[in-house]
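Listed here are the chains, written in short residue letters.
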Amino acid sequence: MHLLDSATRFATVRFSPVLNPSPTPQRRRFFSVRVCLPFPKHQANYHKELESAIDAVERACRLCVDVKRSLFTREGSILEKNDQTPVTVADFGVQALVSLELSKSFPSIPLVAEEDSAFLRENNLVGPVAGEVIAKASHGDKQLSDADVLEAIDRGGKGAITFCNKPATYWVLDPIDGTRGFLKGDKALYVVGLALVVDTEIVLGVMGCPNWPGDTSDGSAGILMLSHIGCGTWTKRLGDVSGKIPGGWTRCFVDGCGLIQKARFCIPESQTWESLPLFSSFSARTDGDDIEDEEIRLLPTCCGSLCKYLMVASGRASIFFLRAKAQKTIKAWDHAVGIVCVHEAGGKVTDWEGDEINLEEDQAERRIIFPAGGVIVSNGRLHNQILDMISSASFQLSE
């Protein structure tokens, strides 16, 4: 059973913007961005940043699709970093491309992201990455060079900026969340995720999932999810990736489930249901429709955290559980964009003690978060029940 096939359909609100037949593109520092938002611009304080984020993520998704198409025929495309995480030309290409596009409009806003260029230099991969990026980047005043691409990657790398313990405005990027899913095939989801943080608050987010299964009659795949504080969470087809005309925006909401036994759960691939505190009360099933009183439905796993946030925000899952482990750090880019998308869809995200996720605990670099116990992402209605069950389970993190 595919992860998305078990989801119940929920009511959505569709918004198909009326396009000006002769739009006047807004002038930017080096280029023009034409993005039709699903809500009036005056309602969104950060609509210019959101437009640029959408454009950058859509370009990044096109890069992912093209690289994936040639992934298993191009020698050297699939590699492993020192931590044994699979990494491809796409990871670095996405970071460079998004960095370049954002810096054209917002050069003063720093970027916190996953990669740095040292690995490319050491493995003679500068040329392939630069080629993909230059082909997808918007045209500016000069031709991009390999050095420009490397500089763009390092703009978001470790040590690129120090925040000096002060509130700040910055982008948070996960180039490809779920790289193993990127490598596995069409049915394993992966996400490009970008968020903007302003003075401790995540104010907008954009997620692109190029291989999200199509819900339309033509079967086209790919989804773009955006969120802006006070304006909701919305999705549309990634028509630019498939080469087909995209449909209108659809506002999405978390599901309305109020019973633990009826909820649909997601957990990390690296963790088991038996390692989580609800195991003492419920066993988990991944198949069948007849769920018993002491059972819950566990959706088949998908790679990475952001696609699970996407599942909750779109109403296809009720709860995403992540348990913190002492020997493993939790990265800000695995959660930032998902948090705002779930919040604006009506859900809730906290640590296991019920506190909001603090992106500033890593005061100098804002790269790591320290949620007590772990992270709970829910539809909101079930959140307090889950917190109570965790508290009563007297669960020990030291396992």
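Residues numbered from 1 in each chain as written. Predicted model: local features only at pLDDT ≥ 70, side-chain atom pairs only at ≥ 80, totals over all residues. Heavy atoms only, no water.

Enquirer: Help me understand the sheet that holds strand β16 (residues 319-323) in this model?
Expert: Strands in a sheet are paired, the pairing made by backbone hydrogen bonds, and the direction either parallel or antiparallel. In space, the 6 strands of this open sheet follow the order β14-β15-β13-β16-β20-β18, with mixed pairing throughout. The sheet is open, and its two borders are formed by β14 (283-285) and β18 (348-351), each paired with just one other strand. In this sheet, adjacent strand axes meet at a mean angle of 30° when their direction is disregarded. In this structure, strand β13 (residues 264-266) lies alongside strand β15 (residues 295-298), joined through 2 bridges in parallel fashion. Looking at β15, one finds that Phe265 is bridged to Leu298. Against the sheet, helix α9 (residues 336-344) makes contact with β18 and β20 (374-378), and its axis sits at roughly 130° relative to β18, the strand it touches most. Helix α10 (residues 383-393) contacts β13, β16, β18 and β20 of the sheet and is inclined by roughly 20° relative to β18. (Pairing = 2+ DSSP bridges. Helix = DSSP H or I, 4+ residues; strand = E, 2+ residues; numbered from the N terminus. Axes fitted to C-alpha atoms, helices over the stretch in contact; angles between N-to-C directions. Contact = heavy atoms within 4.5 Å.)

Enquirer: Help me understand the packing of aromatic side chains, please; the structure alone is not making it clear to me.
Expert: Under the defined criterion, the tally for this structure stands at 7 aromatic pairs. Both rings, one in Phe163 and one in Tyr170, keep their centres 4.9 Å apart while their planes meet at 55°; by these two values the pair is tilted. Summarising the burial analysis for this pair, Phe163 and Tyr170 share the class buried. Here the aromatic rings of Tyr309 and Phe320 are separated by 5.8 Å at their centres, their planes lie at 80°, and the arrangement is edge-to-face. Of this pair, Tyr309 sits in helix α8 (residues 306-313) while Phe320 sits in strand β16; the two residues are 11 residues apart in sequence, bridging distant segments of the chain. (Phe/Tyr/Trp six-rings, centres within 6.5 Å; stacked < 30°, edge-to-face > 60°. Buried < 20%, exposed > 50% of the residue type's maximum accessible area, 1.4 Å probe, protein only.)

Enquirer: What is the right way to look at the packing of helix α2 (residues 89-105) against helix α4 (residues 126-136) in this model?
Expert: How two helices pack is summed up by the angle between their axes together with the distance between the axes. Between α2 and α4, the shortest axis-to-axis distance is 9 Å and the interhelical angle comes to 40°. Considering the angle they form, α2 stands oblique to α4. The chirality of how α2 crosses α4 is right-handed. Where α2 approaches α4, its residues Val89, Phe92, Gly93, Ala96, Leu97 and Leu100 are matched on the opposing element by Pro128, Val129, Glu132, Val133 and Lys136. Residue classes in the contact of α2 with α4 are distributed as 8 nonpolar, 1 polar and 2 charged. (Parallel < 35°, antiparallel > 145°, perpendicular 65-115°, else oblique. Left-handed = near helix turned anticlockwise from the far one by under 90°. Nonpolar A, V, L, I, M, F, W, Y, C, P; charged D, E, K, R; others polar.)

Enquirer: Is there a simple way to explain the pattern of salt bridges in this structure?
Expert: Between side chains of opposite charge, pairing is possible as soon as their charged atoms come close. What the rule picks out here adds up to 13 salt bridges. Two residues, Asp55 and Arg59, come together in a salt bridge whose shortest N-O distance is 2.9 Å. Taken as a pair, Asp55 and Arg59 lie in helix α1 (residues 47-69) at a separation of 4 residues, close to a single helical turn. Of the two residues, Asp55 and Arg59, neither departs from the other in class, the shared state being buried. Here the salt bridges share partners, and the residues they tie into one network are Asp55, Arg59, Glu101 and Lys104. (Salt bridge = Lys/Arg side-chain N within 4 Å of Asp/Glu carboxyl O.)

Enquirer: I tried to follow the environment of Arg251 on my own but got confused; where do I start?
Expert: Structurally, Arg251 can be placed in strand β12 (residues 249-251). Look at Arg251 and you get partly exposed, because its relative accessible area is 27%. The spacing of Arg251 and Trp234 is 17 residues in sequence and 4.3 Å in space, taken between C-alpha atoms.

Enquirer: What is the right way to look at a negative patch on the surface in this model?
Expert: Together, Asp290, Glu292, Asp293 and Glu294 line one region of the surface with negative charge. Among the secondary structure elements, Asp293 is positioned in the loop between β14 and β15. (Patch = residues over 30% accessible without salt bridge, like charges linked within 9 Å, V, L, I, M, F, W, Y side chains within 5 Å. Areas by Shrake-Rupley, 256 points an atom, 1.4 Å probe, with all protein chains shown as cover. Lys, Arg positive; Asp, Glu negative; His and termini not counted. Charge placed at Lys NZ, Arg CZ, Asp CG, Glu CD.)

Enquirer: What's the story with the pairing of β15 in this structure? I'm lost.
Expert: Sheet faces and side chains relate simply in a regular strand, where the side chains alternate between the two faces. Side chains Glu295 and Arg297 project from β15 onto one buried face, and the interleaved Ile296 and Leu298 project onto a second face that is buried too. Note that β14 and β15 share 3 bridges and pair parallel. Residue Arg285 lies in a different strand from β15, and its bridge partner there is Arg297.

Enquirer: Would you take a moment to explain the packing of α4 against helix α5 (residues 146-154) for this structure?
Expert: Across the interface, α4 lies against α5 with an axial gap of 9 Å and an inter-helix angle of 90°. If you check the angle between α4 and α5, you find them roughly perpendicular. Residues Val126, Val129, Ala130, Val133 and Ile134 of α4 form the contact with α5, whose own contacting residues are Asp146, Val149, Leu150 and Ile153.

Enquirer: In this structure, what is going on with the environment of Ser378? I would like to understand it.
Expert: Mapped onto the secondary structure, Ser378 falls in strand β20. Each C-alpha atom of the pair Ser378 and Asp255 lies 9.2 Å from the other, and the pair is 123 residues apart in sequence. In this view, Ser378 contacts Val312, Ser318, Ile319, Val342, Gly347, Lys348 and His383; residues no more than four positions away in its chain are not counted. Among the polar contacts made by the side chain of Ser378, one reaches the main-chain amide nitrogen of Gly380 at a distance of 3.0 Å. (Polar contact = N/O pair within 3.5 Å; in protein donor to acceptor, adjacent residues only side chain to side chain.)

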